[in-house]
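Listed below, chain by chain, are the residues.
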Amino acid sequence: MHDVFGSQYEYFEKIREVVSRNAKIYGFKGIETPIIEDTEVFTRGVGKHTDIVEKEMYTFKTKGGESVSLRPEGTAPIVRAYIEHGLHTKPQPVKFFYFAPFFRYERPQAERYRQFWQFGFEAIGKGNSIVDAQIIIITYNILKELGIDGVLVEINNMGDEKCREDYKKALKKYLKKEATSLCLDCKKRAIKNPLRVLDCKKCIRVKERAPQIVDYICKGCRDDFRLVLEFLEEVGVPYDLNPFLVRGLDYYSGTVCEFFVPQRGEEKNLAVGGGGRYDGLSALLGDEQRPATGVAVGVERVVSLIKENGFNEKEKPEVFIAQLGDLAKKKSLKIFEELKKEGVLVTESFGQDSLKGQMSRANTLGVQITLIIGKEEAVEDRLILRDMDSGEQEKIETNEIVKEIKKRIKKIKK
Ligand code: AMP
């Protein structure tokens, strides 16, 4: 465990500021859950046969005799809070972000602490490929804004419960044949939690010849995954497909990702964060199944990477994008990223389907311009530009929009 003070404290403050500003732009609200939870939140949520629960949790009995644990991660507590406060009755998905300390009894080594900080994002209650992609895009943008270059996203799709079960069976069968070549830990994992063998640093040769999940996922998961990749391509987030990326925890399903950054003078890239879909977690915690997706990033690792670089400062949103329909959503995402790349302070509420709700959000945020892409505009490749002060609206060609917005903002600023 370590103290945070001096320049490290300042880096923490800066990261928190960039995270919370971007979170607001993308419509995520802050949440703080308690540092201690009932142990069950993790044994049921994260999974009994994961390293985190089996080896790394600080678990103890209270004076009243309950078993509690210092939280080793943020997702299960946030889903516990979502269930406990009946948040399924709110507009979905409920989007949260956090910046908080976590605890894992790990072997101390470089870049690994027993108390470490993470920031993260969770979108719970409604899942689609655009939310999956957006979680990745927001993380990528934050790292970039913090001056971290060369971020690479490794990505895979773990299938839904049904296709993963088929895959697990095939993997178990294969691992049984290869049992003699497995390390001691993986001999146990092959029986209790075979996916974890794919995470093992020692069993690389066995892993390389193992069946791949991509051959087992159903058409629905495949289509979903293709859309996520298309979204990433459209906004220029670099990714690598990694068929063996499974993430260590039981609750992941569908799209999963990890973020890596090259380190100066080191051969190995540094893992800074990871996440993915976890549609099954709420059911593991006693609620019904609710689609969800999230990501967590290690703050100490981000600090070590930005120490050599500077920050890019940004301010409050100027433009809101409202959309209606799937095609419009897709086009909005692209325009959103294009405007962001050009330094325009843009925000949205892609999780909301009603135009009225989106317009009222644009009003609350006090943006100067709202762009509206309805079904008709999406097909015409045009969008409506609304000046929020005068209420005047006009249709503009999509490929003209960045230029037009920049021109108007310049005028407003004068
Ligand atoms: P995880 O929750 O295990 O997926 O980890 C997400 C990110 O949190 C990792 O990529 C690391 O950047 C960071 N992280 C996880 N465990 C530790 C630790 N013990 N010490 C420092 N950072 C950590």
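Located above this text is the structure these notes cover.
First things first, this report covers the structure right here in the doc. These figures come from a predicted structure and were not determined experimentally.

Details of the sheet that holds strand E16 (residues 393-397)
Working definition: the strands of a sheet are paired by backbone hydrogen bonds and lie parallel or antiparallel to each other. Taking strand neighbours across the sheet as the criterion, the 5 strands line up as E13-E12-E14-E15-E16 in an open arrangement whose pairing is mixed. On the outer flanks of this sheet lie strand E13 (346-348) and E16, each paired with one strand and no other. Across the sheet, the axes of successive neighbouring strands diverge by a mean angle of 30°, strand direction being ignored. For strand E12 (residues 319-323) and E13, the ladder comprises 3 bridges, and the chain directions are parallel. Bridging from a neighbouring strand, Phe-320 pairs with Thr-347 of E13. Helix H13 (residues 355-365) contacts E12, E13, strand E14 (369-373) and strand E15 (382-387) of the sheet and is inclined by roughly 175° relative to E12.

A closer look at the packing of helix H1 (residues 6-25) against helix H5 (residues 129-145)
The geometry of H1 relative to H5 is characterised by a closest axis approach of 10 Å and an angle of 140° between their N-to-C directions. Comparing the axis directions of H1 and H5 gives the class oblique. Where H1 crosses over H5, the two elements pack in a sense that is right-handed. For the pair H1 and H5, contact is made by Val-18, Val-19, Arg-21, Asn-22 and Ala-23 and by Ile-138, Ile-142 and Glu-145, respectively. Among the residues making up the contact of H1 with H5, the classes are represented as 5 nonpolar, 1 polar and 2 charged.

Conventions we followed
Residues numbered from 1 in each chain as written. Predicted model: local features only at pLDDT ≥ 70, side-chain atom pairs only at ≥ 80, totals over all residues. Heavy atoms only, no water. Pairing = 2+ DSSP bridges. Helix = DSSP H or I, 4+ residues; strand = E, 2+ residues; numbered from the N terminus. Axes fitted to C-alpha atoms, helices over the stretch in contact; angles between N-to-C directions. Contact = heavy atoms within 4.5 Å. Parallel < 35°, antiparallel > 145°, perpendicular 65-115°, else oblique. Left-handed = near helix turned anticlockwise from the far one by under 90°. Nonpolar A, V, L, I, M, F, W, Y, C, P; charged D, E, K, R; others polar.

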